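Coordinate inspection notes
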Amino acid sequence: MTRIHPTAVIDPAAELDSSVEVGPYTVIGPHVKIGAGTTVGAHCVIEGHTTIGRDNRIFQFNSLGAIPQDKKYAGEPCELIIGDRNTVREFCTFNIGSPGDRGVTRVGDDNWIMAYVHLAHDCVVGNKTIFANNSQLAGHVEVGDWVILGGFTVVHQFVRIGAHAMTAMCSLLFADVPPFVMAQGQPAGARSMNFEGLRRRGFSAERIAAVKAMHKALYRDDLTLQQAMERIDGLRHDKPDAGEDVDMMLGFLRGASAQRGIVR
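Residues numbered from 1 in each chain as written. Predicted model: local features only at pLDDT ≥ 70, side-chain atom pairs only at ≥ 80, totals over all residues. Heavy atoms only, no water.

1. Quick notes on the UniProt feature "domain: UDP N-acetylglucosamine O-acyltransferase C-terminal" (unreviewed entry) in the chain
According to UniProt, the "domain: UDP N-acetylglucosamine O-acyltransferase C-terminal" (unreviewed entry) feature falls on residues 176-263. Helix makes up 55% of residues 176-263 and strand 12%, with an end-to-end C-alpha separation of 6 Å. (UniProt positions renumbered as here; feature names shortened; annotations may be inferred. Helix = DSSP H or I, 4+ residues; strand = E, 2+ residues; numbered from the N terminus.)

2. A word on the pairing of strand β10 (residues 63-66)
Two strands pair when backbone bridges link them, and strand β7 (residues 45-46) and β10 are joined in this way by two bridges, in the parallel orientation. Bridge pairing in β10 places isoleucine 46 opposite leucine 64. Sheet analysis places β10 next to strand β13 (residues 93-95), joined by three bridges and oriented parallel. When the sheet's bridge partners are listed, serine 63 is paired in β13 with threonine 93. (Pairing = 2+ DSSP bridges.)

3. Description of the nonpolar core
Counting 67 residues, the largest nonpolar core has Phe94, Phe131, Leu137, Ile161 and Ile232 as its most contacted members. Counting only elements with at least two residues in this core, the list comes to β11 (79-82), β26 (181-185), β27 (188-193), α1 (195-200), α2 (205-220), α3 (225-238) and α4 (243-254). In terms of residue count, α2 provides more of this core than any other element does, six residues in total. When residues of this core are sorted by domain, at least three fall in each of domain 1 (9-140) and domain 2 (197-255). For phenylalanine 94, the residues in contact, after removing those within four places along its chain, are Ser63, Leu64, Gly65, Ala66, Leu80, Ile82, Val88, Val107, Ile113, Val117 and Leu119. (Core = buried A, V, L, I, M, F, W, Y, C linked by side-chain atoms within 4.5 Å. Buried < 20%, exposed > 50% of the residue type's maximum accessible area, 1.4 Å probe, protein only. Domains from an automatic or database assignment. Contact = heavy atoms within 4.5 Å.)

4. A few points about unusual backbone geometry
Excluding glycine, a negative phi dihedral is what most residues carry, and trans is how most peptide bonds are arranged. With an omega of 0°, the peptide bond running from glutamine 186 to proline 187 counts as cis. For proline 187, the location among the structural elements is in the loop between β26 and β27. Here the phi dihedral of phenylalanine 91 falls at roughly 65°; this positive angle occurs in a residue that is not glycine. Within the element layout of this structure, phenylalanine 91 appears in the loop between β12 (87-88) and β13.

5. Looking at the confidence of the model for the chain
With 99% of its residues at a pLDDT of 70 or more, the chain has an overall mean of 97. For the chain, α3 is the element with the lowest average pLDDT, namely 95, and β12 is the one with the highest, namely 99. (pLDDT = per-residue confidence, 0-100.)

6. Some details on α2
Helix length check: α2 (16 residues) gives 21 Å between terminal C-alpha atoms against 22 Å at 1.5 Å per residue, within 8%. For α2, the full list of buried residues reads Ile208, Ala210, Val211, Met214, His215, Ala217, Leu218 and Tyr219. Along its buried surface, α2 packs onto β26, β27, α1, α3 and α4. At the C-terminal side of α2, aspartate 222 shows a positive phi close to 55°. (Expected span 1.5 Å × (residues − 1).)

7. Quick notes on the pattern of salt bridges
Applying the stated rule across the entire model yields 15 salt bridges. In this structure, the salt-bridge partner of aspartate 233 is arginine 236, at a minimum N-O distance of 2.9 Å. Remark: arginine 236 and aspartate 233 occur in helix α3; sequence separation between them is three residues, near one turn of the helix. Accessibility expressed as a relative area gives 26% for arginine 236, which makes it partly exposed. The closest approach of N and O atoms between aspartate 247 and arginine 236, which form a salt bridge, is 2.8 Å. Of this pair, aspartate 247 sits in helix α4 while arginine 236 sits in helix α3, and the two are eleven residues apart along the sequence. Given the relative accessible area of 42%, aspartate 247 is considered partly exposed. The network of salt bridges with common partners includes Arg85, Asp110 and Lys128. (Salt bridge = Lys/Arg side-chain N within 4 Å of Asp/Glu carboxyl O.)

8. Some remarks on the packing of aromatic side chains
Applying the stated criterion to the full structure yields three aromatic pairs. With centroids separated by 5.0 Å and ring planes inclined at 10°, the aromatic side chains of phenylalanine 91 and tyrosine 116 adopt a geometry described as stacked. Of this pair, phenylalanine 91 sits in the loop between β12 and β13 while tyrosine 116 sits in the loop between β15 (112-113) and β16 (118-119), and the two are 25 residues apart along the sequence. Using a relative accessible area of 43% as the deciding quantity, one classes tyrosine 116 as partly exposed. A network of ring pairs unites the aromatic residues Phe61, Phe91 and Tyr116 as a single cluster. Directly above the ring of phenylalanine 59 sits arginine 89, whose terminal nitrogen or CZ lies 3.9 Å from the centroid. In this structure, arginine 207 is placed above the aromatic ring of phenylalanine 203, and the distance from its NZ or CZ to the ring centre is 3.7 Å. (Phe/Tyr/Trp six-rings, centres within 6.5 Å; stacked < 30°, edge-to-face > 60°. Lys NZ or Arg CZ within 6 Å of the ring centre and 35° of its normal.)

9. Looking at the side chain of aspartate 70
Note that aspartate 70 resides in the loop between β10 and β11. Residue classification places aspartate 70 among the buried positions, given a relative accessible area of 15%. The residues contacting aspartate 70, other than those within four sequence positions of it, are Ser98 and His121.

Structural data, given as structure tokens:
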């Protein structure tokens, strides 16, 4: 227990691996579980039914596991689940889920989350994302793997952001952002695809060409969404290496709600 600062207040029922480090004046509640190698900085509050995995770096002044900002919440045992190897910088607020949805707010692995980020109830964040300072997610938002949110990005409730998408600074998202799309504006519109990010992640020339063709179908050729999806579906025959990318895009587009749609 020498890794626990003497001023930290940890409920005896909390489950902390013996290798966990906890800084001064941090408060950890009875339903919290923290895995091996995780460090928690000073002046943090971790409460609720919160599970945190291995080798996370949680900096000072974070609030994790507080009840949702939802007037309907009545004390149900909803959860916050954080995976492995995440970095959470200062002044972030991650709330537990709500009974009106899945009941869980979930963060995957290897995410880089900068200061003042808010994850509201029932958000789902994938793996290897980057959230720049002051990114704000309302309730029920879904964020795919490898997404990058520019600073001060604000996401409306129930919006989905597909894998490998990216937003510019101060973007305001009212509609779903399909995979690979770069979005910018207030409200945000689709500006391009994240080609440089795909190259850095080892996408082949054929896969990048397929992403360019998807962008053209969705945003350049004045097609309806259904027509664009039919053209995208045809890419699996011309560019077989991009089959999984085509499947991911079509699966995302099929899940778009009629009310919210996609960024245009």
